[in-house]
Structures are given as C-alpha cells and as structure tokens.
Amino acid sequence: MSDMITADLVDLDLSADTKEAAARALAERMVAQGRVTDLEGFLADVAAREAQMPTGLDGGIGIPHCRSAHVTEPTLAFGRSAAGIDFGAPDGPADLIFLIAAPAGADDAHLTILSSLARQLMNAEFTSALRAVGDPETAAALIRGDEAPSAKGAEDASQDTAAAPVAASTGAAAAKTAHTPDTGAADAGDGGPGAEGAPTADTAPPAAGTAPAPAGTATGTGERPFRVVAVTSCPTGIAHTYMAAESLENAGREAGVEVVVETQGSAGFARLDPAVIAAADGVIFAHDVPVRDKDRFAGKPTVDVGVKAGINRPAELLAEVREKAARGEASAPAHASAGTPVDRTGDSTEGYGTKLRKWLMSGVSYMVPFVAAGGLLIALGFAIGGYKINKAPSVMDHFVWTQADSWGALLFQIGGVAFGFLVPVLAGYIAYGMADRPGLVPGFVGGAISLTINAGFLGGLAAGLIAGGVVMAIQKVTIPAALRGIMPVVVIPLISSAIVGFLMFVVIGKPIASAQKGLTDWLNGLTGTNAILLGALLGLMMCFDLGGPVNKVAYTFATAGIAVANPSDSAMKIMAAVMAAGMVPPLAMALATTVRGRLFTQTERENGKAAWVLGASFISEGAIPFAAADPLRVIPSSMVGGALTGALSMAFGATLRAPHGGIFVVPLIGNPLLYLVAIAAGVCVTTALVVLLKGLRKPVPGATATDPAAPAATAPKETKQPIAA
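Summarised in this report is the structure supplied together with it. Bear in mind that the values here come from a model prediction, so they are computed numbers and not experimental data.

If you check which residues of helix H5 (residues 136-144) are buried, you get Ala139, Ala140, Ala141, Leu142 and Ile143. Within two residues after H5, Gly145 carries a phi angle of roughly 90°, on the positive side.

Quick look at the structure:
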C-alpha cells in the first residue's frame, strides 16, 4: 500500500457532517493529487456503491469504496472526524473514514486494498493508534504499515473512544445479548464496564458474564476448550469475509474458545477437515450469500447471522452458540440431496476415478443446455428454411419479415452462435468442478483454443482437466496473506491461462486435433453392419443405468458428434439412435403397468402414469423407480429393447439434429415414421420381457394381493419402494 496513501491524502480534522460531504472532502484531495480526473463523476460512482449496501462498520469505521473510470491509479484517503459521520453502522457514527478508489477494471488493486484494510481494521491497536495520531505523515505511515501502532497510544485512545469490534468482544457484551437475534442486538457494541482488560485464554478462564458452557469447556483444569467452527462469506468475497473471520478468531482467543473459520471468498474455499467439524461443539454462519455444502455442519448447535454480525459482535455470537449447546439445541440432521455436479465433488473418501467422472459430468451438465438450445434452433431453422438454409447470408445483411426463409436463417444462425459456446463451456465447467471459480478463466480459454486449433470436443475435455489441475496446483502454494485478495482475479487467471494456452497450442493440441479428425472420419465411414452394431451398443449403454455414468457416456458421445456447425450424416444417425433407445425404458414400464397392473404395486402403477410423459420427453430416469425395486428383471429387459431400438434406428437411417426433445421433435427427424417404428419395437420387446420375468417369479407368502384392495399384509413391501426419480 506504499504508493496508495500519502500525507496529502490524510485529513485528521474532517469537518464534514454527512457521508456525502466526507466523501467529497476526501475525493477533493485525490483530485488535487491528480489521482481522480472528474470529481463529480467519481462521487457518483461512490454514491452508487454506497446505495448497494452501507459501508459503515461497528467500532466507528466507514469504508466507502468504488471502482471508477475517473480514477487514474489505486488510491486510499483517510479522514478522522471528531463529531462522527453516519455510514449506516448499527452502533452509530464513524470517526475513522477510509475512501478507497480503484480504476475501472482494476479488480486486483481494489481487492488488495480491501483485504489489507480488513486485516488491519480488526486490530484494536491499529484503530486506537489512528485515533491518537497527531500528524498526517504518521497516520499515512501507520496505514501503509511503515510504522507499528504504539501500545501506549492505543491505551490512551481507548479511554476516550468507542472500542473496535474485537476489543469489545468479551465480558458484559457477551452476557448482554447471548441469545439475541441478529436484528435486535444492534446496540450491543458497548463493551460495558468489564469489557476493557477482560482476561484472555492465556491468563484466565472466560469472563464471568458469558453463557455457561457445556462440559468440555476450558476451565483452567486441563479440560479441552469449547470448540466452534464458522463459515464467513459476503457477495464480493473479500473485505467482509476476512474481517468477520479475523473478528471471530480474535474474540475466540479472548474468550478461551477454539475457533476455526472457513472463508468462502472469491478465491474459492478450502473445506474444513471433516474431523474438525465432527469435533466442534457449535457452528456459526456469518454470511450474506448461501453457505456452500451446508449439510456438513448439520446436527450441531448453530447460529446463523449476516456477515456484519460476525464483524461487529463476535463475542455475542460465541456466547449464543455456547448457550445453545448448553440447552442441547441443534440444527436438523443432514438429508440426502442430489446437489449440483460441483457440490458433489471433492469428498476425501472418494477414489480418483469417481472424482474424475464427477468433474467430467460437471462440464457435460453445463454444456447440455447449450447443445439442446442450439440444436433445436438449428433443427427448426432447417425445418422452416430447408436444408440449404446453412448457405443463407447473415440476417444482419438480409432479413425480410414476411419470408419464411429469413426466419429459418435467423433461427439457424442463433443456434450456430449457441453451438460456438459448447467446447468452452465444457472445458470451463470441468475446471470449475475441479477448482471452483478460479478454474473458470483457464478452462474457458483452453476450450476456446481447442476450437481455434480444431481439437473439438476431445480438446475441450483435455483443456478442462488441464486447467483444473493447474489451478489446484497453484492453490496449494503457500502465499503471503497480503496477496490473498489478488490471487483469484490476477495471479491464478494469469498463470493458469498462460500454462493452459502453452500446452494446448504447442504440446498436445496437434495430437488431439488429429485424434478428433480420426474419430470424425471413422463416424463418417460407418455403414451397414458396423453402423447397426454401433446403434445396438449405444442402446445397451443408454439403458444400462438409466441416466447414470454409462448412459451419460453414450449421450455425450452422441452430442459431441452434432456439436459442430455442419455435423455429418453418421453423427446425426447416432444422435437419433441414442435418443430413441433412451425413450424405451420409461415407455415400456408405463405400458407394462397398464397391460399387467397386477404384477406391480400401487406405487409402481402411479409411477407408470408419470413414465408415459417422461419417456415421451426422452427422460430415461422415469424408469429408475422400477429398476431400483426389481433390477434383475427391469434392467436386462430394458437393455434388450434399447439395443433393438438403437440398431433399427441406424438401419432405417433416421437422423436427428436436435440433442433432446423426444416425440416433440419428431417433425425434425429424418425418416420419422420408421423412427417411431424403431421405438415401438423396443418398447414392445422390453414390455414383454418384463411381464414374462415378473410373471415367473414366485409370489411372496401372504402378499398375493397386490390389488389396491389387498389386505394390509402388503404394506411392509410397499415401504421398500425407492424414491421416484
């Protein structure tokens, strides 16, 4: 921060009485130093940022800040007000005001200043020294870190001014609002008579005013201290996130409580060790954005507040969670949740193969909507404008409102633009699944390079895995705390993009492009028996696990073939075969429950009604309840029907440009009548096999009445049904 603040940017006698006037007074100093070019424009940017969320903090601190096109270099101005200025903090006016200005787009500078201030403002000696300092030169040196705060000056200042949040985080304040809700404890910032000089963990047990702790709290007898795990987060993921973390840690040290904090900031986050969470006696969430993987903390006494509460009243939060633990209160236990692909990654107990599959599925799951939207738009363009619509000029140059061809060209060209995102999105979100948000930039860059060098889908897979691996490696490097704020927005994107770009352009790009070309040529050469066998294989895969990993491999293989501007005829045949086979299991289960309802339970018959719609929409998961209840009969039957449908679709030469849609895109299918015949054949075969196999099984004694009017003896069997997909 050495060049961000000088003595000329310090006003120790700030006479403003409003936050707007304070910002203007400090901004005028920036203008005088040539660091702001347009005073009014800059102040408008400051006001716009202030309108989003007040920047006042408990302890008499205001931190107005913004990025602005009117700023020439990162700048920090400091003002001290004798009367205090209202910046929206719950405990009243601020007497220490820091105006932060960063050039537009200079996220690194902006975040560096904020994160550095975040650490310093949690230091009571630092804020007290600023209140006691007598000249601008010394004040600027203190803020830059050139001069350490004077312990004597801090003591003198603390007798005349309100203590900083951490300084007030012991004794009576904790007892006063130990279990007060966040919205009602705004005035609890006063430490009270016993706050100053409260005993610390090194010298005495917790202050007498705190809530009684459950067994295991440190009492000076050698027992382990009370343990708390916390999560802090805010929308920007920098200032308040780390200020709350440090505030809670400092308050824990003063209260004799072990506090371990997971900061879910803009650099992603490192999950706390499960053993640390398991050993914790309580949990504190201080957040303004949803807590990631919240179920990890379920079943423990929990305090859930906004991030500012973690900054302003940490001792109260610690006291509240200790009281909840003493009363035996706990949050609801974790419940099963499918979550997103990224949320399901990173479990330390999983093998590498499982993690790799989830990383790849993360990319595929984000790519599929682009494939669906782009493919359907292109297919509609062909349907409206004919198969020469891909030769039409840009609609920017030629568009006639009354001509169908113009509308077809418009849809085709929009779909083509959507398809242009496929490989970058695939690569970007594979890296995201591996390394969280820092992986997005190198992943997207690698995916775009893959398109540039014609490495296609295979190049996107490689780029995503390389980008995620590079970012994960960088994140393991120990860095100084002062650099933590700029890592996610400058260092990680810069280094990882350069490495990924080098590898894609120079090292592995050409081999992957050759492999992609070979795969394309092989698909184009498929004819006769080979094509039919491939259709049967893909049908088997689609029906093996009904939306699981094997199903997704087949579907991804098919979508990769059509995810280009001009897919080959073979690629469109493969897509048609895959969709047809995926429709068979749910449609067959729906038909089986209709023609032989007595072989199924009441729950299965109800699921069968929904399976009609799911199957017709190409949602294979509609058959999961049946497969889970009776896998040895349902899955083999489905695989036989799916293989038949896939083979027939290839034999009939049906083509499909859209990657999804089921019967709703039949008008867009080549040879639609024969395509429906292929689906019907597979459905009939699967239905016949399921009915036959279920009819051969021996009835369970006392459970012959699967009819709705059957006696209650069937109830236990009914409870074994799996959840519906």
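On we go.
A separate point is the packing of helix H15 (residues 440-452) against helix H17 (residues 487-507). Viewed as axis vectors pointing N to C, H15 and H17 meet at an angle of 25°, and their least axial separation amounts to 8 Å. Between H15 and H17, the interaxial angle falls into the category roughly parallel. In this structure, H15 crosses over H17, and the sense of that crossing is right-handed. Listed contacts from H17 to Val441, Pro442, Val445, Gly446, Ile449 and Ser450 of H15 are Pro493, Ser496, Ser497, Val500, Gly501, Met504 and Phe505.

Mapping Leu272 onto the fold places it in the loop between strand S8 (258-263) and helix H9 (274-279). Since its relative accessible area comes to 11%, Leu272 is described here as buried. Note: C-alpha distance between Leu272 and Glu262 (ten residues apart in sequence) is 6.3 Å. Dropping the residues within four chain positions of it, Leu272 is found in contact with Val229, Ala230, Val260, Val261, Glu262, Ile277, Arg296 and Phe297.

Burial analysis of strand S5 (residues 75-85) places nine of its eleven residues in the buried class, the great majority of the element. By the bridge criterion, two bridges tie strand S1 (residues 10-11) to S5 in an arrangement that is parallel. Bridging across to S5, Asp11 finds its partner in Gly79. Relative to strand S6 (residues 94-103), S5 is paired through seven bridges, and the arrangement is antiparallel. From the neighbouring strand, Arg80 faces S6, where its bridge partner is Leu96.

Turning to the sheet that holds strand S9 (residues 282-287), a few remarks are in order. Taken together, the four strands give an open sheet; going across it, the order is S8-S7-S9-S10, and neighbouring strands pair in parallel fashion. Both outer strands of the open sheet, S8 and strand S10 (302-305), are each paired with one neighbouring strand and no more. Strand-to-strand twist of the sheet, defined as the mean angle between neighbouring strand axes without regard to direction, takes the value 15°. Where strand S7 (residues 227-233) lies against S9, six bridges are found, and the strand directions are parallel. Bridge pairing in S9 links Val231 to Phe285.

With that settled, the discussion passes to the packing of helix H16 (residues 456-475) against H17. Contact geometry of H16 with H17 gives a least axis separation of 9 Å together with a crossing angle of 135°. Taken together, the axes of H16 and H17 lie oblique to each other. When you trace H16 past H17, the crossing you get is right-handed. From H16, Gly459, Ala463, Ile466, Ala467, Val470, Val471, Ile474 and Gln475 reach across to H17, where they touch Met487, Ile492, Ile495, Ser496, Ile499, Val500, Leu503 and Met504. By residue class, the composition of the contact of H16 with H17 is 13 nonpolar, three polar and no charged.

The rules we used
- Residues numbered from 1 in each chain as written.
- Predicted model: local features only at pLDDT ≥ 70, side-chain atom pairs only at ≥ 80, totals over all residues.
- Heavy atoms only, no water.
- Buried < 20%, exposed > 50% of the residue type's maximum accessible area, 1.4 Å probe, protein only.
- Helix = DSSP H or I, 4+ residues; strand = E, 2+ residues; numbered from the N terminus.
- Axes fitted to C-alpha atoms, helices over the stretch in contact; angles between N-to-C directions.
- Parallel < 35°, antiparallel > 145°, perpendicular 65-115°, else oblique.
- Left-handed = near helix turned anticlockwise from the far one by under 90°.
- Contact = heavy atoms within 4.5 Å.
- Pairing = 2+ DSSP bridges.
- Nonpolar A, V, L, I, M, F, W, Y, C, P; charged D, E, K, R; others polar.

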